[in-house]
Amino acid sequence: MAGPKPLVAVGQVTSTPDKEPNFAACAALVREAARRGACLVFLPEGFDYIGRDPAQTLSLAEGLDGDLMGRYARLARDCGVWLSLGGFHERGRDWAATQRIYNCHVLLDPAGRVAAAYRKTHLCDVELEGRVSMKESGFTNRGTEIVPPVSTPAGKLGLSICYDLRFPEISLALRRAGAEILTYPSAFTVTTGSAHWEVLLRARAIESQCYVVAAAQTGRNHEGRASYGHSLVVDPWGTVVAQRGEAPGLCYAEIDLEYLQRVRREIPVQEHRRPDLYGTVGLPAAP
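One structure accompanies this document, and this report is about it. (Residues numbered from 1 in each chain as written. Predicted model: local features only at pLDDT ≥ 70, side-chain atom pairs only at ≥ 80, totals over all residues. Heavy atoms only, no water.)

**A look at the sheet that holds strand E5 (residues 114-119)**
Reading across from one edge, E5-E4-E3-E2-E1-E16 is the order of the six strands in this open sheet, with mixed pairing throughout. On the outer flanks of this sheet lie E5 and strand E16 (249-254), each paired with one strand and no other. Averaged over neighbouring strand pairs, the angle between their axes works out to 20 degrees when direction is ignored. Pairing analysis gives six bridges linking strand E3 (residues 82-90) to strand E4 (residues 102-108), with the strands arranged antiparallel. Residue pairing for E4: Leu-85 is matched across the bridge by Val-106. (Pairing = 2+ DSSP bridges. Helix = DSSP H or I, 4+ residues; strand = E, 2+ residues; numbered from the N terminus. Axes fitted to C-alpha atoms, helices over the stretch in contact; angles between N-to-C directions.)

**Some points on unusual backbone geometry**
Non-glycine residue Gln-209 carries a positive phi angle of around 55 degrees. Here Gln-209 lies in the loop between helix H6 (190-208) and strand E11 (211-214). Looking at Gln-209, the relative accessible area reads 3%, which means it is buried. With a phi angle near 60 degrees, His-230 is a residue other than glycine that sits in the positive phi range. Position of His-230 relative to the elements: it lies in the loop between strand E13 (225-228) and strand E14 (232-234). (Buried < 20%, exposed > 50% of the residue type's maximum accessible area, 1.4 Å probe, protein only.)

**Some remarks on the side chain of Lys-19**
Tracing the backbone through its elements, the reader meets Lys-19 in helix H1 (residues 19-35). For Lys-19, a relative accessible area of 18% puts it in the buried group. Separated by 2.8 Å, the side chains of Lys-19 and Glu-62 make a polar contact. Dropping the residues within four chain positions of it, Lys-19 is found in contact with Asp-48, Tyr-49, Leu-60 and Glu-62. (Polar contact = N/O pair within 3.5 Å; in protein donor to acceptor, adjacent residues only side chain to side chain. Contact = heavy atoms within 4.5 Å.)

**Notes on the sheet that holds strand E9 (residues 155-159)**
Backbone hydrogen bonds hold the strands of a sheet together, and the pairing may be parallel or antiparallel. One open sheet accounts for six strands, arranged E8-E9-E10-E11-E14-E15; its pairing is mixed. Across the chains shown, the open sheet's two edge strands, defined by having one partner strand only, are strand E8 (150-152) and strand E15 (240-243). Taking the axes of each pair of neighbouring strands and ignoring which way they run, one obtains an average angle of 25 degrees across the sheet. Looking at chain direction, E11 and E14 are connected through three bridges and run antiparallel. Bridge pairing links Val-212 to Val-234 in E14. On top of the sheet, H6 reaches strand E10 (181-183), E11, E14 and E15; it is set at about 30 degrees to E14, its chief contact.

**Looking at helix H3 (residues 67-79)**
With 13 residues, H3 extends 18 Å between its outermost C-alpha atoms, agreeing within 8% with the 18 Å of an ideal straight helix rising 1.5 Å per residue. If you check which residues of H3 are buried, you get Leu-68, Met-69, Arg-71, Tyr-72, Ala-73, Leu-75 and Ala-76. Those residues of H3 hidden inside the fold are in contact with H1, strand E2 (40-43), E3 and E4. (Expected span 1.5 Å × (residues − 1).)

**Topic: the side chain of Ser-15**
Relative to the helices and strands, Ser-15 is located in the loop between strand E1 (7-12) and H1. A polar side-chain atom of Ser-15 sits 2.8 Å from the main-chain carbonyl oxygen of Gly-46. Ignoring sequence-local partners within four residues, the contact set of Ser-15 consists of Asn-22, Gly-46, Phe-47, Tyr-49, Ile-50, Gln-217 and Asn-221.

**Re the nonpolar core**
Core analysis: the largest hydrophobic core is formed by 44 residues, its most contacted members being Leu-40, Phe-42, Leu-107, Trp-197 and Leu-201. Those residues in contact with Phe-42 that lie beyond four places of it in its chain are Val-8, Ala-9, Val-10, Gly-11, Ser-84, Leu-157, Thr-183, Val-213 and Ala-215. In terms of nonpolar packing, the next biggest core, distinct from the first, is built from 29 residues, Ala-9, Phe-47, Tyr-72 and Leu-75 among them. (Core = buried A, V, L, I, M, F, W, Y, C linked by side-chain atoms within 4.5 Å.)

This is how it looks when you write it as C-alpha cells:
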C-alpha cells in the first residue's frame, strides 16, 4: 500500500517596506505549516520586503550571507522543513561594482543550507498606459542561467520567479531536465493578475505535465502598490487543487507523483515534441 503523499504549503502575505513585521508574518506561516505536516513551504516574491521605489529597494537589500537569510536558515532548521523563498532582493558579489541587485529564488533544505539559488532571468519591464508601470531592469541584473531541478521530499523542484511565468521556454526546459514541480513565487499586480494569473499557471502545468505551485503577494503593500493574491497549486492535468483567495494565510496540497506519471503516460507530449523543427521556421531546408 502506498504511503501518505507529501504535503506542501503555499504562503500568501502582504509584504511592506518594513522587514521585521514581514519576517514575523512569514515565520508564523512556516511554523503553522510545519505543525500541519508540510515538508515544503513556499513563500512569494518579495517575502523579505517590497520597497516604495528603486532607491529604497536597493537600500534594504542584503546578501545571501546576511542577517535575514540567516534567520530563515534557522527557521528551516527549527521547523525541519524545506523553504522556497522566492524573490529575495539579493546584493550579489558584483554589488560594489554595479550597485544593482538580483531577484533571487532561494531554496533552503531542512538543515538551513542553500540547496539552490536561481536569479530571475526575465525582468518585468511593462507599461500599461494609466494602469501599471514597472521597470525592474532599472535596478536589477538579469540572471544568466536556469538552475537544474532539485530533489525534495515532494518531488524534483524547478525554480522560476513571477514574470518568468510568461515564458513557456523555461518551464519546458525544466521539464526536460526532470522537473516534477514548477514554482512561480510572484507579486502580480491586480490588473495583470485578474486577467492572466490563473490561465498562465494552468497552461504551464498542462504543457509541462508538472505540478505548478505559485505563492503570491496580496493586498496593499504600500501606498503606491497593491498585489493580486490568489496563491494556488495546479496539478499536471491543469486542475486547480488548492487556492488561497485574497486574504493572507496558507493553502495546502498533496503532491501525487503516481498521478503525474499517469498523466504523462496517457498523453506523452514529451515524446511527441519535434525539437528538430522548432527554431527552423523560415530557414532554408537542409539539402
